[in-house]
Amino acid sequence: MSSPTDQVDAPAGMSEPLDARLAGPAVAAWVGAFVGTGAPTGRSVGWLVVLSIGMSLMATAVIAGRSGRSALARAVVLVLLCLVAGSTVGGLRLQAVRGSGLAGFARDGATASASGVVTADPVLHRGRTRGDRRFGDLFLVPVRLDRVEVRGRLVRTRAPVLVLATDRRWAALLPGQRLALTGRLGPAETGQPVAAVVSVRGPPVLRGRPPPVQRAAGALRAGLRRATAGLPPDERGLLPGLVVGDTSRMPPELVDDFRAAGLTHLTAVSGANIAILVSVVLVAGRWAGLRGRWLPVAGSLAMAAFVVLARPQPSVLRAAAMGAIALLAMVTGRRRRSLAALAAAALLLLLVDPWLARSYGFVLSVLATGGLVLLAPVWARRWHAGGVPRPLAEALAVPLAAQLVCGPVIVLLSGRLSLVAVPANLLVAPAVAPATVLGVLATAAAPLDGGLARVLATAAGLPVWWVAQVARRAAAVPGSAVGWPGTVSGALLLAAASVAVVLTGRMLSRRPARAAGAAAVLSVALVVPATSPGWPPPGWVLAVCDVGQGDALVLSVTHGTAVVVDAGPDPEAVDRCLRRLGVARVPIVLLTHLHADHVEGLPGVLRGRRVGEVALGSYGEPAEELARVRGWARGSGVPVRSAVVGERMSVGTVSWSVLWPARVIDEDSVPNNASLVLLVRSHGLRLLLTGDVEPPAQRALLARRRLPRVDVLKVAHHGSAYQDPGLLAETRPRLALISVGIDNDYGHPAPATVRALRRSGALVGRTDLDGTLVVVGPPGHLQLVTARG
């Protein structure tokens, strides 16, 4: 996902007034193309359509206010024309996918032999170890097939497919490489720009060599990896990410920290990379004596070379288009037309790739660039006029403007509002440019002189180290993000609040005393919660530990004492979570069922704590896991018993009743459907903990008894797609918590499940995105607090 600071390529000194005659029609045209291309390509995201209509109305209002009815008519005509053009292009692209002739064979899981060409770099999906099982690495390779033999038929097509391979030789493929393969076809996700997925077991069968340009780019990228091989792990993995978007060697925990700190945009190729590179080239060109039109030529050549290096994929082309806007503004001096150029570039990209209409990253990229074009220069100029040094004013204006315009979209994605993204981006800003420039120089030097490349990479290591440290420190701040409704209404509320803050700030800026008072209030409201001492937060009721792909829940009883429900897959992870919560005594451990992702962490719970007993469900399978649980408990001197339906227990202020399993359901996963389902009451809150029950058990539970409305729902089976809508309709939770591992092999949580939870009005917390989730009461002031580590 892109970040609010994905684009920092607008010149901060821009001050000319916006030319509404150009900007308004261009924005209106982009809106028409956006809706037009998004409609045919599958399920259009409702909030995007609302956003588009709103932008269209604003654009036409600006035009009408500045230029009269004729401009309004032109805007309406442009919207309609681009709507038709976008719909036509989107429909043709969709037909090319759906009309490939592969859909029927994919639904049947037919085996096919095919030939085609690789269209993008393979993506590594790392394997996981769960219990005593190892899930191997998976390589996702986009391929465009041109010849398919299936069930005795020869199909000639130009169908894009996604190849799923386990052989590591697939990782070395370059775009443009022709190959042959044999694999099993499967259906693609609805609305995705591929006709099918193809699962293959063996290595690729190569036909010829990739194009020379791609071979050169591949050699440069490999040279950068060699040059960074001697750096510490953080720097070794991060530098290629900053330079060319290659994150294959970034430590997983650093990836998590970047996401929590709002810095993921740094490792995605963006207009910032291009703007930095082009700016250096322009300065060097002036120093070398280039003048006039030769400067933009040099900048364009540098940009084209970078696109080749970082691969001309849609995301890179989008960044190049946004970078071209900055180049146009800096070189021509016609900066007031930047918004028109932005809208025109977005329009062309949508027509080239209609699936961008469904991309959050595309919307964030365009909004961020628009914010930097319209808001950041104005704010920087006013702050400088008020006495703030120009470099500081510009450094502050860029992340604030990007965060302001992108915040409503980000909360739709994550349901979280980061309190550290702006300061984190401000702190890393001075280090990004030198790291990028030195990294590009190391990349260019690698084929010529490996020693020089290593020296340059080592020099880049210092600013890269600073970026990594900022990410780690920011992600570790307790309360670094607050919950926000991830719905259209929540996004609109945040947008309204942002506008109100800006308008209030403008009024207060004329009255310094009041401005100082407002700043103090904001500091108390935002900074104090983010730096509150101690963890867990006072008054915590439930913690959902970040243990990867599994469940480990902790119910607070008193200081140092808690009830544990499930133990996750990793003893170290659950032990670390309990230590941070200060839990030294566990009267009871409830294991909902005997799958490894719920019980393998039990030794971590038992380690160094006084544990009263372990209670299991009545279904004793898998037998090997039952034996391991009994062995661990026996080794610690802890008794094991069965929990039965109807059982009611309490420990201090925490009480619970066992609602399920009333019977064994021999359908789907029997152990999942035999999970303990607990209705918990604690500190005035009602919580429903559902284990991994699937729809058959959920329906049986609803048929057996009426469930009350709950404050907190632990979403079943890590938020999988297998949910009965009746359970959500009956419980109507205020908070919905999903315990799930990042980049898991199952696609959890399912987007449809997350959407359904948000549509119901629940605030959704996810351990893969947010880290450990902590519920803080009382009922009248329910809060969700998150932290990593």
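Bear in mind the structure is a predicted one, so any value in this text is a computation, not a measurement. Sequence order as written defines the numbering, with residues in each chain counted from 1. With the structure being a predicted model, the display of local features is reserved for residues of pLDDT at least 70 and the display and counting of side-chain atom pairs for 80 or more, all residues being used for whole-chain, interface and lining totals. Note that water and hydrogens are dropped before the side-chain values are worked out from all heavy atoms of the structure.

Draft legend 1. The overall build of the protein chain, seen in detail. In DSSP terms, a helix is any run of H or I states spanning at least four residues, a strand is any run of E spanning at least two, and both are numbered starting from the N terminus. Helix and strand counts for the protein chain come out as 27 helices and 26 strands. Per-residue burial for the protein chain yields a buried fraction of 53% across its 789 residues. Here a residue-residue contact requires only that any non-hydrogen atoms of the pair lie within 4.5 Å. Expressed as a percentage of contacts within the protein chain between residues at least 6 apart in sequence, the contacts between residues at least 24 apart total 71%. Categorising residues by exposure relies on relative accessible area from a 1.4 Å probe, with only protein chains included: less than 20% of the type maximum marks a residue as buried, more than 50% marks it as exposed, and the intermediate range marks it as partly exposed.

Draft legend 2. Representation of the pairing of strand 12 (residues 540-544). The buried fraction of strand 12 is high, at 5 of 5 residues. Between any two strands, pairing holds if DSSP finds at least two bridges. Relative to strand 25 (residues 772-776), strand 12 runs antiparallel, the two being bridged by 4 bridges. When the bridges of strand 25 are listed, V544 appears paired with L773. As judged from the 3 bridges shared by strand 12 and strand 13 (residues 553-558), these two strands associate in the antiparallel manner. Directly across from L542, in strand 13, lies its bridge partner L555.

Draft legend 3. Structural context of the sheet that holds strand 20 (residues 677-682). In space, the 7 strands of this open sheet follow the order 18-19-20-21-22-23-24, with mixed pairing throughout. This sheet does not close on itself; its edge strands, each paired only once, are strand 18 (648-651) and strand 24 (763-766). Direction aside, the axes of adjacent strands within the sheet are offset by 20° on average. When strand 23 (residues 735-738) meets strand 24, the two strands line up parallel, connected through 4 bridges. Bridge pairing in strand 24 places L735 opposite L763. Most of the contacts of helix 24 (residues 695-704) go to strand 19 (residues 654-660), to which it runs at about 105°, and overall it touches strand 19 and strand 20. Every axis corresponds to a line fitted to the C-alpha atoms, with the helix fit spanning only the stretch in contact, and the corresponding angles, defined between N-to-C directions, vary from 0 to 180 degrees. Contacting strand 23 and strand 24, helix 26 (residues 751-759) crosses the sheet at an angle of about 145° to strand 24.

Draft legend 4. Representation of the nonpolar core in the model. Residue types Ala, Val, Leu, Ile, Met, Phe, Trp, Tyr and Cys, when buried and joined through side-chain atoms within 4.5 Å, form a set referred to as a nonpolar core. Core analysis: the biggest nonpolar cluster contains 45 residues, and L238, F258, L263, L266, V428 and V467 have the highest contact counts within it. Broken down by secondary-structure element, the contributors of at least two residues to this core are helix 5 (212-227), helix 6 (233-244), helix 7 (252-261), helix 8 (271-287), helix 9 (294-310), helix 15 (421-445) and helix 16 (450-476). In terms of residue count, helix 16 provides more of this core than any other element does, 10 residues in total. Grouped together as the second largest cluster of nonpolar side chains are 35 residues, A573, V583, V611 and A787 included.

Draft legend 5. Examining the confidence of the model for the protein chain more closely. For the protein chain, the average pLDDT comes to 77, and 74% of its residues sit at 70 or higher. Counted against residues more than four places away or in other chains, residues 35-67, with its pLDDT under 50, gives 67 contacts. pLDDT expresses, on a scale from 0 to 100, how confident the predictor is about each individual residue.

Draft legend 6. Examining the environment of V440 more closely. Mapped onto the elements, V440 comes out in helix 15. Judged by its relative accessible area of 16%, V440 falls in the buried class. Sequence separation of V440 and A460 is 20 residues, and the distance between their C-alpha atoms is 9.8 Å. In contact with V440, other than residues within four places in its own chain, are V243 and L277.

Draft legend 7. Examining helix 19 (residues 571-581) more closely. Listed as buried for helix 19 are A573, V574, D575, C577, L578 and L581. Packed against the buried residues of helix 19 are strand 12, strand 13, strand 14 (561-565), helix 21 (602-606) and strand 25. Pairs of N or O atoms are called polar contacts if they sit within 3.5 Å, as long as, within protein, a hydrogen donor faces a hydrogen acceptor (for residues adjacent in sequence, only side-chain-to-side-chain pairs). The N-terminus of helix 19 is capped by D570, whose side-chain oxygen sits 3.1 Å from the backbone nitrogen of E572. Taken from the residues just after helix 19, G582 is the one with a positive phi, measuring 75°.

Draft legend 8. Region of the structure containing a positive patch on the surface. Positive charge collects at one region of the surface, where R648, R681, R704 and R705 lie side by side. Relative to the elements of secondary structure, R681 occurs in strand 20. Under the relative-accessibility criterion, R681 is labelled partly exposed at 37%. Residues enter patches when their relative accessible area tops 30% and they take part in no salt bridge; the joining distance is 9 Å for like charges and 5 Å for the nonpolar side chains Val, Leu, Ile, Met, Phe, Trp and Tyr. Note on areas: Shrake-Rupley with a 1.4 Å probe; residue coverage comes only from the protein chains shown. We define a salt bridge as a side-chain nitrogen of Lys or Arg found within 4 Å of a carboxyl oxygen belonging to Asp or Glu. Note on charges: Lys and Arg go in the positive column, Asp and Glu in the negative column, and His and the chain ends are not counted at all. The atoms used to mark charge sites are NZ of Lys, CZ of Arg, CG of Asp and CD of Glu.

Draft legend 9. Region of the structure containing the pattern of salt bridges. This structure, assessed with the given rule, holds 16 salt bridges. Its salt-bridge partner being R734, residue D711 comes within 3.0 Å of it at the nearest N-O pair. With a gap of 23 residues between them, D711 in the loop between helix 24 and strand 22 (712-714) and R734 in the loop between helix 25 (725-731) and strand 23 connect regions that are remote in the sequence. A residue is classified by how much of its surface remains accessible, and R734, at 31% relative accessible area, is partly exposed. Put simply, D768 and R766 hold a salt bridge, and the shortest N to O gap is 2.7 Å. Each member of the pair, D768 as well as R766, carries the same accessibility label: buried. Overlapping salt bridges, with partners in common, bring together E572, D575, R579, R607 and R609 in one network.

Draft legend 10. Seen up close, a nonpolar patch on the surface. A contiguous nonpolar surface patch, about 430 Å² in accessible area, is contributed by L427, L462, W465 and W466. For the nonpolar patch, the element with the most residues is helix 16, which contributes 3 residues. Checked against the element boundaries, W465 lands in helix 16.

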